[in-house]
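Per-entry structural report
Letter by letter, the chains look like this.
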2 protein chains.
Amino acid sequence: MLYAKFDVRPKCKNPLLNIDMKINQIGELGLIEKIARQTKTDKSVIKGIGDDTAVLKYSEKEYLLFTTDMLLEGVHFPSLTHFHLRGGSGCGSEVKFFYNIGRKSLACNISDIAAMGGVPQHCLISVGLPANLEWKFVNQLYAGIKKIAQQFKVNIVGGDTIKSPKLIINIALLGKVLKKKLVLRSGARKGDVILVTGSLGGAILDKHLIFIPRLKEAQHLVNNFNIHSMIDISDGLVLDLSRILKQSKKGAKVYLEKIPISVVAKKEKDSLKKALYDGEDFELLFTAAKGTAKKIASEKLACIIGEITAQENVLESSDGTKLDINGYEHF
Amino acid sequence: MLYAKFDVRPKCKNPLLNIDMKINQIGELGLIEKIARQTKTDKSVIKGIGDDTAVLKYSEKEYLLFTTDMLLEGVHFPSLTHFHLRGGSGCGSEVKFFYNIGRKSLACNISDIAAMGGVPQHCLISVGLPANLEWKFVNQLYAGIKKIAQQFKVNIVGGDTIKSPKLIINIALLGKVLKKKLVLRSGARKGDVILVTGSLGGAILDKHLIFIPRLKEAQHLVNNFNIHSMIDISDGLVLDLSRILKQSKKGAKVYLEKIPISVVAKKEKDSLKKALYDGEDFELLFTAAKGTAKKIASEKLACIIGEITAQENVLESSDGTKLDINGYEHF
């Protein structure tokens, strides 16, 4: 079951009053909301649950960024049994598969740090491995992690290895950000222009395993422009934009005709729908004042796709159609 | 399959030359060794793979400590199906079970930070949850984590939630340590006395879910005494002592008659064997100069159980019997 993630949409207005409710009835967003509501932190925590990473006190000029991501066989990537790996021959594509999964597991986390305006530094890798998996595959898994770690100057400083019937990878990543460069989801202002760093849709068909985290782009943006809010698109444009809106207590108008659609998505039907709702693009979605946005767009660093409005949590398209802020079903 | 962890002993002298070898033939230690060997870090990493936590540059007087631990249903705790949870009635013991697992998942990490001489600060919680698990159980899982987080002043600052057929919990914990209080596994010196903070053996029967990380004890030790090396006992006295020996390039003589055996282990046959080889005690094992050790023992802070010798990687009992440094099979 590829990509059978939790449905992230809340399923009813106040799903958390009923303790007998099952997790799939509450949904991921409901779950996170509930957990966050009960969680107190001390004043060394600048931002806890609710952004791409946690933001922690560090030095006079910098904050620490701290994030984690878990990938599971059969949920975030296909089951290993599809490759007849156990006792299989280990052909090139199988080896590449493990390399790509390893690479992706760290890339997702780097993307989160980038979206805060920060740079990654140190990671811990926890893996659950089937006991009869061959070393060559594990070796490739780590080769993929190490390759991207090297590329983005991330130190692998430890981890945990356990036996598991299914392959599990959890990476925890530490980074840092200059205080004055920190960009939160909550910073969008009325009249801000919404931009995206690349084309969207259909990432599941290829890009999700080989995407390059937009660290360079994010650094260029925060170092040269005043970016008000930012997020990386992991769960789809509409859902991730709605996260900015919720945290910023704003609304948005999206110019449907201006959304950059990926080449892959263009070949499919419902290509706009794919660009709006598909996950795993890992492009940066951000907002900035009009003048700044125009400059950014003129330098071809990102495309303008909408504007921030004052109507809290209202997401509409340029033709006036309301978009369901919680997901893709009612498009 | 409770506690069906990897067998941590290396299975052959150079198991890693053969890439077709399976993970269970290499063993956890072999795996970690291989991964560590290939991993380069920059100078901001004081200690990477090979101790209880990673040690990272931080401020003038302090280091950051960074550690992670993954727990999996059916490996580190019994399968949920034992409790007929899916559609079950949710009696008290089931609820307590989740609470205890949550608590343990953070407690293990706190224990690692303690063993470095540090204090914990911030954690990220990744969980894999069965879609049909009831909220009340997840709530208890988090209640257990939050309780011990509160007790040890740890901020819960974020995490990841995914759908998983089996319950998975991965916690990443950040802490800090005064540079001059940092204690590594590698600091044991010839003539050092070996001490342990509590009785050992049979933890699997009860203690493993309810143990109290020895943070207070570790802080008292590093603040008042010169501790040369330290580790928390998670995989058994012999194996964890061997980790100190390997990192310190030393040997040890263990006074078998002086090893404190837990009340639970005493009721079993082979109680000494249990004290030597059972895991999950989470007591501190450490070494110090003779005079210091005597003072510590006289204050009843820990028991003397052996001494460090010059013979690299040789572990013997007081009667001259060699103990297999790699595990429990040849006792």
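Every chain's residues receive numbers from 1 upward, in the order its sequence appears when written. Written order decides the labels, with chains lettered from A and ligands numbered from 1. Only residues with pLDDT of at least 70 are given local features in this predicted model, and only at 80 or more are side-chain atom pairs given and counted; all residues enter the totals for whole chains, interfaces and linings. Derived side-chain values reflect all non-hydrogen atoms in the structure, with water molecules and hydrogen atoms excluded from consideration.

Secondary structure is summarised from DSSP: a helix means a run of H or I of at least four residues, a strand means a run of E of at least two, and numbering begins at the N terminus for each. The helix and strand inventory of chain A stands at 9 helices and 13 strands. Buried, partly exposed and exposed residues are distinguished by accessible area as a fraction of the type maximum, computed with a 1.4 Å probe on protein chains only: under 20%, between the cut-offs, and over 50%, respectively. In chain A, which comprises 331 residues, the proportion classed as buried is 61%. Contacts are assigned to residue pairs with any non-hydrogen atoms lying within 4.5 Å of each other. Contacts in chain A between residues at least 24 apart in sequence constitute 80% of all its contacts with a sequence separation of at least 6. Here the open area of atoms and residues is found with the Shrake-Rupley method and a 1.4 Å probe, where only the protein chains shown may cover a residue. Carbon together with sulfur atoms contributes 51% to the accessible area of chain A, which is approximately 13100 Å² in total.

All names here are of chain B. Whether two strands pair depends on DSSP finding at least two bridges between them. Ordered in space as S1-S2-S3-S6-S4-S5, the 6 strands form an open sheet in which the pairing is mixed. The open sheet is flanked by strand S1 (45-47) and strand S5 (155-163), the only strands paired with a single partner. Going across the sheet, the axis of each strand differs from the next one's by a mean of 20°, ignoring polarity. Pairing between strand S4 (residues 119-129) and strand S6 (residues 168-178): 9 bridges, direction antiparallel. Each bridged residue has a counterpart across the sheet, and for Val 119 the counterpart in S6 is Lys 176. Seen against the sheet, helix H3 (residues 135-151) touches S4, S5 and S6 and runs at an angle of roughly 170° to S4. Here an axis means a line fitted to C-alpha atoms, over the contact stretch when the element is a helix, while the angle between two N-to-C directions is reported on a 0 to 180 degree scale.

It is worth spelling out the interface of chain A and chain B at this point. The partner chain B presents 73 residues to the 73 residues of chain A that form the contact. Carbon and sulfur atoms supply 67% of the area buried between chain A and chain B, which totals about 6200 Å² over both sides. Buried area adds together the accessible area that both of two parts lose upon being put together, with accessible area traced by a 1.4 Å probe. When the area that chain A buries against chain B is broken down by residue, the three leading residues are Met 70, Trp 135 and Lys 163 of chain A, summing to 13%. Any Lys or Arg side-chain nitrogen located within 4 Å of an Asp or Glu carboxyl oxygen qualifies as a salt bridge. There are 2 salt bridges connecting chain A and chain B. Two residues, Lys 22 of chain B and Glu 134 of chain A, come together in a salt bridge whose shortest N-O distance is 4.0 Å. Think of a polar contact as two N or O atoms within 3.5 Å of one another; within protein, one of them needs to be a possible hydrogen donor and the other a possible acceptor, and neighboring residues in sequence only count if both atoms come from side chains. Scanning the region where chain A abuts chain B turns up 12 residue pairs in polar contact (both at pLDDT 80 or more). Secondary-structure elements contributing two or more residues to the side of chain A that touches chain B are helix H1 (23-37), strand S2 (54-57), strand S3 (62-72), strand S4 (119-129), helix H3 (135-151), strand S5 (155-163) and strand S6 (168-178) of chain A. With 9 residues, the top contributor of residues to the side of chain A that touches chain B is S5 of chain A. All amino acids are sorted into three groups, where Ala, Val, Leu, Ile, Met, Phe, Trp, Tyr, Cys and Pro are nonpolar, Asp, Glu, Lys and Arg are charged, and the leftover types, Gly among them, are polar. For the side of chain A that touches chain B, the residue count by class is 36 nonpolar, 22 polar and 15 charged.

Turning next to the relation of the copies chain A and chain B. The atoms used to superpose the copies are C-alpha atoms, taken from residues with pLDDT of at least 70 in both, and the fit is least squares. Mapping chain A onto chain B is achieved by rotating through 180° and translating by 0.0 Å along the same axis, at an RMSD of 0.0 Å. Classification of the inter-copy transformation places it as that of a two-fold axis. Minimal C-alpha separation from the rotation axis in chain A is found for Ala 172 of chain A, amounting to 3.2 Å. Both copies contact each other with a shared surface, as 100% of the interface residues of chain A are interface residues in chain B too.

Another aspect to go through is the packing of H3 of chain A against helix H1 (residues 23-37) of chain B. One way to put it is that H3 of chain A packs onto H1 of chain B with a least axis distance of 11 Å and a crossing angle of 25°. As judged from the angle between their axes, H3 of chain A and H1 of chain B are roughly parallel. Handedness of the H3 of chain A/H1 of chain B crossing: right-handed. Here Trp 135, Val 138, Tyr 142 and Lys 146 of chain A of H3 of chain A come into contact with H1 of chain B, specifically with Ile 23, Ile 26, Leu 31, Lys 34 and Ile 35 of chain B. Class assignment for the residues of the contact of H3 of chain A with H1 of chain B results in 7 nonpolar, no polar and 2 charged. Each angle is binned into one of four classes, with values under 35 degrees roughly parallel, values over 145 roughly antiparallel, values of 65 to 115 roughly perpendicular, and all other values oblique. When the near helix sits turned anticlockwise from the far one by under a right angle, the crossing is termed left-handed; a clockwise turn instead gives a right-handed crossing.

Another point: the state of the cysteines. All names here are of chain B. The criterion for a disulfide is a pair of cysteine sulfur atoms lying within 2.5 Å. Within the structure shown, the criterion is met by 0 disulfides over all chains. Free of any disulfide, Cys 123 has its nearest cysteine sulfur in Cys 108, 13 Å distant. Judged by its relative accessible area of 0%, Cys 123 is buried.

Our next topic: the pairing of strand S3 (residues 62-72) of chain B. All names here are of chain B. Burial analysis of S3 places 11 of its 11 residues in the buried class, the great majority of the element. Neither face of S3 is open: one carries Glu 62, Leu 64, Phe 66, Thr 68, Met 70 and Leu 72, the other Tyr 63, Leu 65, Thr 67, Asp 69 and Leu 71, and all of them are buried. As paired elements, strand S2 (residues 54-57) and S3 share 4 bridges and run antiparallel to each other. Looking at S3, one finds that Lys 57 is bridged to Tyr 63. Linking two consecutive strands that pair antiparallel, namely S2 and S3, is a turn of 4 residues. Examined bridge by bridge, S3 and S6 share 11 bridges and lie antiparallel to one another. Each bridged residue has a counterpart across the sheet, and for Leu 65 the counterpart in S6 is Gly 175.

All names here are of chain A. Within the structure shown, the criterion is met by 24 salt bridges over all chains. One salt bridge connects Lys 207 with Glu 283, and the closest N-O pair in it is separated by 2.9 Å. In this pair, Lys 207 is assigned in helix H4 (residues 207-210) and Glu 283 in the loop between helix H8 (271-277) and strand S10 (284-288), connecting sequence segments 76 residues apart. One salt-bridge network, in which partners are shared between bridges, spans Lys 207, Arg 214, Glu 217, Asp 281 and Glu 283.

Ranked by size, the top nonpolar core spans 63 residues in total, and within it Leu 106, Ile 125, Ile 227, Met 230 and Phe 286 of chain B carry the most contacts. The element contributing the most residues to this core is helix H2 (residues 92-114) of chain B, with 10 residues. Among all residues touching Ile 125 of chain B, those that are not within four sequence positions of it are Tyr 142, Ile 145, Ile 156, Gly 158, Gly 159, Asp 160, Ile 169, Asn 170 and Ile 171 of chain B. We define a nonpolar core as any set of buried Ala, Val, Leu, Ile, Met, Phe, Trp, Tyr and Cys residues linked to one another through side-chain atoms lying within 4.5 Å. Membership of the second largest hydrophobic core comes to 62 residues, among which are Cys 108, Ile 110, Leu 133 and Phe 137 of chain A.

Residue and element names in this part refer to chain A. Confidence of the predictor in every single residue is expressed as pLDDT, which spans 0 to 100. Considering every residue of chain A, the mean pLDDT works out to 88; 89% of them sit at 70 or more. The low-confidence segment residues 1-16 (pLDDT under 50) makes 53 contacts with residues lying over four places distant or belonging to another chain. A low-confidence stretch, residues 86-90 (pLDDT under 50), is modelled with 14 contacts involving residues beyond four sequence positions or located in other chains. The ipTM, which scores confidence in the relative placement of chains, is 0.90 for this predicted complex, and the corresponding pTM is 0.91.

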